[in-house]
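As a plain string of letters, each chain reads:
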Amino acid sequence: MSGEQRERRPGVVMHVRCPERLPEEAYRQVLEQMEELSPVVQALPPTAALADLRGALRYHGASASQLGDVLRLRTVSRYGVDVRVGIASTITVAATASAQVPYPGGVLAVEAADAAEWLAPLLVEELYGVGPRQAAVLRRYGVDRVGVLAALPATTVQRLLGKAGRTVFDRARGIDPRTVTPRRLPASVSVRHRFPRDVLDGAEARSALLGLVVQLGVELRRRGQAARGLTLSLSFAGGPTWEKSRRLVEASAHEDDLRQLTYQLMDAAGLQRGRLTGLALRGEDLIDGDQAAEQLSLDAARHARLAGEAASDRIREKFGPNAIGPAATYRPAS
């Protein structure tokens, strides 16, 4: 088979829709699960993503629908997130299919040979890429279904919709030459703490914050990454939130550095009588840990803390994440 013939073979595209208002960290976890199935994943933030499954089908020895089921099973069992999955030969049809999956989740696969017939009865606004204004124009002229749109001459659609008309006409017939382009989100990782009751005690808030610093450092080192910046978010009773970001002097995953900047962010909040309900700390602009510059220092105390940090990581790895931590974060059971 020639290279040209291979290029003409239908693709196998997976379009994944996550629940609306999904936290960024949960969205990243869904992307990670997709990357375990296919090396070609394109993030479409904040709630969607694409994957090219052609190579994945051969590698896993499974059908596209089976891989969609595997993705759902993993995201539900590991993160409590159900997803809607559309699978087709083009991005347009796959994305249109995922939107037709009923909540909370499921898998809908459309064969390449059936794409035009499957699209035909859908409302024009249900075709991926057709916006409300375009749909309104089409409906004004009696074009309410994708099949009616596909049956029109291309020139007529272009007169109605302008430059976008040719693209919409092709997509109504299931034609879409675009390919999945690998694209990742800027790396970040978040940790959160929710207080069981509103907190006014500064010491209790500082203790919880230190616990988040430890959690974030452990997670960064587990991933082999370092953060270039931090964002602290505070939630208050009654709904208001406060958020501030700052850059680290050098990218780091060490609690020493993370704690110092986190406390500066907390001090910048100027808390007085605010009743805290929760805290969130996010490490941003992550890089591989081996790319982080390790500054030479004559500070013996810092060297001792870093050695203790490494020993604590080994203890956590062997006995669990809560096996060891700063005394200031310990709270006896009430």
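Before reading further, recall that the structure is shown in the block above.
Everything in this summary refers to the structure shown in the same document.

## Let's talk about the overall build of the protein
Then, in step 1: Tallying secondary structure elements over the protein gives 13 helices and 10 strands in all.
Then, in step 2: For the protein, the C-alpha radius of gyration of 25 Å lies well beyond 20 Å, the compact-globule estimate for 334 residues.
Then, in step 3: Seen through its C-alpha atoms, the protein measures out along the principal axes to roughly 75 × 50 × 40 Å.
Then, in step 4: Relative to its 334 residues, the protein shows a buried fraction of 43%.
Then, in step 5: Taking the intrachain contacts of the protein between residues at least 6 apart in sequence as the baseline, contacts between residues at least 24 apart amount to 63%.
Then, in step 6: Accessible area of the protein: about 18500 Å², with a carbon and sulfur share of 51%.

## Focus: the packing of aromatic side chains
Then, in step 1: Counted under the stated rule, the structure contains 0 aromatic pairs.
Then, in step 2: Just above the ring of Y103 sits the side chain of R84; from NZ or CZ to the centre is 4.1 Å.
Then, in step 3: Over the face of the ring belonging to Y263 we find R206, whose NZ or CZ atom lies 4.5 Å from the ring centre.

## What to know about the environment of G224
Then, in step 1: One can find G224 in the loop between α11 (202–223) and β7 (225–236).
Then, in step 2: When the C-alpha positions of G224 and D290 are compared, they lie 7.7 Å apart, and in sequence the two are 66 residues distant.
Then, in step 3: Sequence-distant contacts of G224, defined by excluding residues within four places in its chain, comprise I287, D288 and G289.

## A closer look at the packing of helix α9 (residues 154–161) against helix α10 (residues 165–172)
Then, in step 1: Where α9 meets α10, the closest approach of the two axes is 7 Å, and the angle between their N-to-C directions is 130°. In terms of orientation, α9 and α10 fall into the oblique class. Where α9 crosses over α10, the handedness of that crossing is right-handed. Judged by residue contacts, A154, V157, Q158 and L161 of α9 engage G165, R166, V168 and F169 from α10.
Then, in step 2: In the contact of α9 with α10, the residues fall into 5 nonpolar, 2 polar and 1 charged.

## Focus: the pairing of strand β5 (residues 106–109)
Then, in step 1: Pairing geometry for strand β4 (residues 84–88) and β5, over 4 bridges, is parallel. Paired with V85 across the bridge in β5 is V107.
Then, in step 2: Regarding topology, helix α5 (residues 91–100) serves as the crossover connection from β4 to the parallel β5, and that connection is left-handed.

## Some thoughts on the sheet that holds β5
Neighbouring strands of a sheet are bound in pairs by backbone hydrogen bonds; such pairs are parallel or else antiparallel.
Then, in step 1: Taking strand neighbours across the sheet as the criterion, the 5 strands line up as β2-β3-β1-β4-β5 in an open arrangement whose pairing is mixed. Strands with a single pairing partner mark the edges of an open sheet, and in this sheet they are β2 (41–44) and β5. If you compare each strand with its neighbour and ignore which way they point, the axes differ by 15° on average.
Then, in step 2: With 5 bridges connecting them, strand β1 (residues 13–17) and strand β3 (residues 48–52) associate as antiparallel partners. Across the sheet, V16 pairs through a bridge with A49, a residue of β3.

## Regarding the nonpolar core
Then, in step 1: Grouped together as the largest cluster of nonpolar side chains are 29 residues, with contacts concentrated most on L127 and L149.
Then, in step 2: Every element with two or more residues in this core is listed here: β3, α5, α6 (115–119), α7 (132–140), α8 (146–151), α9 and α10.
Then, in step 3: In terms of residue count, α5 provides more of this core than any other element does, 4 residues in total.
Then, in step 4: With 27 residues, the next largest nonpolar core counts V191, A205, L230 and L258 among its residues.

Reading the values: the criteria
- Every chain is numbered independently, its residues counted from 1 as its sequence is written.
- For this predicted model, a pLDDT threshold of at least 70 governs which residues receive local features, and a threshold of 80 or more governs which side-chain atom pairs are given and counted, while totals over whole chains, interfaces and linings are taken from all residues.
- Think of the side-chain values as coming from all heavy atoms in the structure, minus any hydrogens and water.
- Each helix is a run of DSSP H or I of at least 4 residues and each strand a run of E of at least 2, with the numbering of both proceeding from the N terminus.
- In this treatment the radius of gyration is a C-alpha quantity, and the globule benchmark scales as 2.2 Å times the residue count to the 0.38 power.
- Only protein chains enter the calculation, and the probe is 1.4 Å; a residue is then buried if its accessible area is under 20% of its type maximum, exposed if over 50%, and partly exposed in between.
- A contact between two residues is defined here by any heavy atoms of the two lying within 4.5 Å.
- For every accessible area listed, the method is Shrake-Rupley and the probe measures 1.4 Å; residues are considered covered only by the protein chains on display.
- Between rings of Phe, Tyr and Trp, where Trp is taken as its six-membered ring, a pair exists when centres lie within 6.5 Å; planes separated by under 30 degrees are stacked, by over 60 edge-to-face, and by other angles tilted.
- Cation placement over rings: the criterion is NZ of Lys or CZ of Arg within 6 Å of the ring centroid and within 35° of the ring normal.
- The axes used here are C-alpha line fits, helices contributing only the stretch in contact, and every angle between their N-to-C directions lies in the interval 0 to 180 degrees.
- Between 65 and 115 degrees an angle is taken as roughly perpendicular, under 35 as roughly parallel, over 145 as roughly antiparallel, and anywhere else as oblique.
- Left-handed describes a crossing whose near helix is turned anticlockwise from the far helix through less than a right angle; right-handed describes the clockwise counterpart.
- The residue classification treats Ala, Val, Leu, Ile, Met, Phe, Trp, Tyr, Cys and Pro as nonpolar and Asp, Glu, Lys and Arg as charged. All others, Gly included, are polar.
- The rule for pairing is simple: two strands pair if DSSP sees at least two bridges between them.
- A clockwise course of the path from the first strand over the helix to the second, judged with the strands pointing away from the viewer, identifies a crossover as right-handed.
- What makes a nonpolar core is a set of buried Ala, Val, Leu, Ile, Met, Phe, Trp, Tyr and Cys residues whose side-chain atoms join them at distances within 4.5 Å.

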